[in-house]
Amino acid sequence: MKLSQNKYALYPPLEPKVEKWAISQISQNLTQFKQHFADRSQQHILSLLNNDPKKLHDELAKALYLERLRMKVEPWSNDPRDEKPFWGKVNEDLVDSSQLKPLETFQADQEIFQRIINRDVDEIVGYFSPNTYKIATSSVPHIVARLLNTVSTRRLMAGEIDLNSRLKITGDLDNIRQLSQKGTILLTPTHFSNLDSLLVGWAVSSIGLPALLYGGGLNLFKGIVFSYFMERLGAYKVDRRKKNFIYIETLKMYSQLTLQAGCHSLFFPGGTRSRSGQIENHLKLGLLSSAIEAQRRNFIEQPNDPKKIFVLPLAINYHFTLEASSLIDEHLKRSGKERYFIDRDQFPGILKTAKFLNKIISTESEIILSFGEPMDILGNPVDSDGNSHDQRNQAIDLKQYFTHNNQITTDYQRDSEYTKILANNIIKAFHRCNTVLSSHIIAFAAYQLLLRKNPSLDTFGMLRLPDDATNIPYNVFEQTVQLLQTELICRAQDKQLNIATHVTLPVAELIQHALKNLGIYHSTPPIAQTREGDIHAQNMNLLYYYHNRLMGYELETLF
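Residues numbered from 1 in each chain as written. Predicted model: local features only at pLDDT ≥ 70, side-chain atom pairs only at ≥ 80, totals over all residues. Heavy atoms only, no water.

### Regarding the confidence of the model for the protein
So the rule is basically this: Known as pLDDT, the predictor's confidence for each residue is given on a scale from 0 to 100. Contacts: residue pairs with any heavy atoms within 4.5 Å of one another.
Predicted confidence across the protein gives a mean pLDDT of 88, with 88% of residues reaching 70 or more. Within the model, the stretch residues 147-156 combines pLDDT values under 50 with 32 contacts to residues more than four positions away or in other chains. Counting contacts from residues 340-362, a segment whose pLDDT is below 50, to residues more than four positions away or on other chains yields 31 contacts.

### Description of the packing of helix 11 (residues 245-260) against helix 12 (residues 286-301)
Note the threshold: Angles here are taken between N-to-C directions and fall from 0 to 180 degrees, while the axes themselves are lines fitted to C-alpha atoms, restricted in helices to the stretch in contact. Secondary structure elements follow DSSP: runs of H or I of four or more residues count as helices, runs of E of two or more count as strands, with numbering from the N terminus. Any angle that falls under 35 degrees is termed roughly parallel, while one over 145 is termed roughly antiparallel, one within 65 to 115 roughly perpendicular, and all others oblique. Crossing handedness is read from the near helix: turned anticlockwise from the far helix by less than a right angle, it gives a left-handed crossing, and turned clockwise, a right-handed one. Gly is placed with the polar residues, together with every amino acid not listed as nonpolar (Ala, Val, Leu, Ile, Met, Phe, Trp, Tyr, Cys and Pro) or charged (Asp, Glu, Lys and Arg).
Closest axis-to-axis distance for the helix 11/helix 12 pair is 8 Å, and the angle between their directions is 45°. When the axes of helix 11 and helix 12 are compared, the pair comes out oblique. When you trace helix 11 past helix 12, the crossing you get is right-handed. Residue-level inspection shows Leu251, Lys252, Ser255, Gln256, Leu259 and Gln260 of helix 11 in contact with helix 12, the latter providing Gly286, Leu287, Ser289, Ser290, Ala291, Glu293, Ala294, Arg297, Asn298 and Glu301. Considered class by class, the residues forming the contact of helix 11 with helix 12 number five nonpolar, seven polar and four charged.

### Digging into the sheet that holds strand 16 (residues 535-537)
Note the threshold: A pair of strands is labelled paired if DSSP reports no fewer than 2 bridges between them.
Within the open sheet, the three strands sit side by side as 13-16-15. Their pairing is antiparallel. The open sheet has two free edges, formed respectively by strand 13 (471-472) and strand 15 (527-529), since each of these has just one partner strand.

### Quick notes on unusual backbone geometry
Just so we agree on the cut-off: When accessible area is computed with a 1.4 Å probe and restricted to protein chains, residues below 20% of their type maximum are described as buried, those above 50% as exposed, and intermediate ones as partly exposed.
The phi angle at asparagine 50 is positive, at roughly 55°, despite the residue not being glycine. Looking at the element boundaries, asparagine 50 is found in the loop between helix 2 (30-48) and helix 3 (53-73). Residue asparagine 50 is classed as exposed on the basis of its relative accessible area of 56%. Here the phi dihedral of lysine 495 falls at roughly 60°; this positive angle occurs in a residue that is not glycine.

### A look at the sheet that holds strand 5 (residues 265-266)
One open sheet holds the seven strands; their spatial order is 1-7-6-2-5-3-4, and the pairing between them is mixed. Two strands in the sheet have a free side with no partner beyond their single neighbour: strand 1 (167-170) and strand 4 (236-238). Note: strand 3 (residues 213-217) against strand 5, two bridges, orientation parallel. When the sheet's bridge partners are listed, leucine 213 is paired in strand 5 with serine 265. The strands touched by helix 11 are strand 2 (183-189), strand 3, strand 4, strand 5 and strand 6 (308-318); relative to strand 4, the strand with the most contacts, the crossing angle is about 150°.

### Structural notes on the pairing of strand 7 (residues 367-371)
Counting buried positions over the five residues of strand 7 gives five, a clear majority of the element. Where burial is concerned, the two faces of strand 7 agree: the one with Ile367, Leu369 and Phe371 and the one with Ile368 and Ser370 are both buried. Relative to strand 7, strand 1 runs parallel, the two being bridged by four bridges. Bridged to leucine 167 within strand 7 is isoleucine 367.

### Re empty space enclosed by the protein
Our working definition: Each cavity reported here is a set of points on a 1 Å grid over the protein atoms alone in which a 1.4 Å probe fits but cannot get out, each pocket an open set with protein on both sides within 12 Å along at least five of seven lines, and each lining residue one with an atom within 4 Å of a point. Grid points are joined across faces, edges and corners, and a volume is the space filled by probe spheres set on the points.
A full pass over the atoms with the stated rule returns four cavities of 30 Å³ or more. Here the second largest cavity defines a volume of roughly 70 Å³. Along its surface, the second largest cavity is lined by Phe192, Gly277, Tyr318, His319, Thr321, His440, Tyr545, Tyr546 and Arg549. Tallied by class, residues from the lining of the second largest cavity come to four nonpolar, four polar and one charged.

### Digging into helix 20 (residues 540-547)
Within helix 20, eight of the eight residues are buried, leaving the element largely enclosed by the surrounding structure. Along helix 20, the positions that sit buried rather than exposed are Met540, Asn541, Leu542, Leu543, Tyr544, Tyr545, Tyr546 and His547.

### A word on the side chain of serine 255
Position of serine 255 relative to the elements: it lies in helix 11. Taking the relative accessible area as the measure of exposure, serine 255 reaches 1% and is therefore buried. Discounting chain neighbours no more than four positions away, the residues touching serine 255 are Phe267, Leu287 and Ser290.

Structure follows, in structure tokens:
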């Protein structure tokens, strides 16, 4: 099947024949791949356990305990119906094996282990359908356009709108395209909304890259329409409830093998949406470690021309987040516990919800997806040919980082340190490629001014400020915004971050631009202008959430 170019796309597809994509080739040989996946997972886990019969038996018992606990404490409606019988049989077989002689026990436990691995493999592995992908890529632009533009369906279908003026993609796109042909792209975006996956898919298709392999929470596969597309677009299932060692290592092995196979992949390294609104400053290391292992294995298995894995950071930038209210509530409940409680009147009724949804459809706001500079799997910058360089621009032979006495070696402690180094470099890259929007600036300015006005209050005290204590004189606010604007423009020039073009507007226009955008989605906007012209914070939770987007840059020291 040859993929036709989307009329909204910025570039033509690098490989128009979908069947040639790595993600498609795995699905064409799915039975063989699943067997390879199961075999490698078993070998890997047994090696981690040093092939110790007692350790294997203990891990099987732990898996049984944790799975039974999960089924009791956190059952889902789309859980397999045979879960209880399956784990009941595992329990019976473990009891029986423990009564055998040591060698027979080990053999019996290996059979149980193999059944568990095969079950995990069947659950995890996704399938990619070229036909479904074609349908999805032809419909997504219209869905995104309908969300981002005030247009009629007729004008939308007639192509009378400029979708790219609402959904902007920035970065060295030519370089990204070139590197995707020289190695495997591991895309690592920030994560703020459930819209992120849709927008990332749109951006990747728009710049002409093949489809990305990505993980989706098992709970997302229960809706008929949504699960239909998820199950046919290469998404692999991730059950975040499962904490047993066997499942976690099997999941990591899937990521490793697909990267080795050349599947461009998507990881949200923060693990879940940012509840606080802040750019991620702590990443999940599990799946990132699989990229380190995949690169090491490539050096071993492809000695003449090892394929490199390129890590590509991406900052997704919204003026507002659809789930902001619930996300910040969850963050505050987690961090504040008894110090935080929710007012009942914060939950809108049916009429307010309907108006809110109407605003979603009719908004003309922009979303910016900012690609950062590609890195190797240690976070070193790479040139357009994929060669690694250090901070002084000296060439680096990445292979040497995995070599001891001229041999590629397995050293999990060393690779664990490499994973931490990669995570730290991704966090730094997030801050560099982040694009600051007007809404971020005024939210940061307002919250910081109120904080300076109430220096004795902690975060939870700030959020309980009475309504008559959240006014800010306009002249003070304007001066503060101008101070931030000047600093951010300087930092953008030094390539410490990006700024949207509207950030350079005259300060009064910048403020009005931000107030308009922050007032689009929320029934009670976080900040508004009074009849007298002053600035009034009318939803402190949301103000705090949007303020947090500029935390991590030490801008608070300007005040």
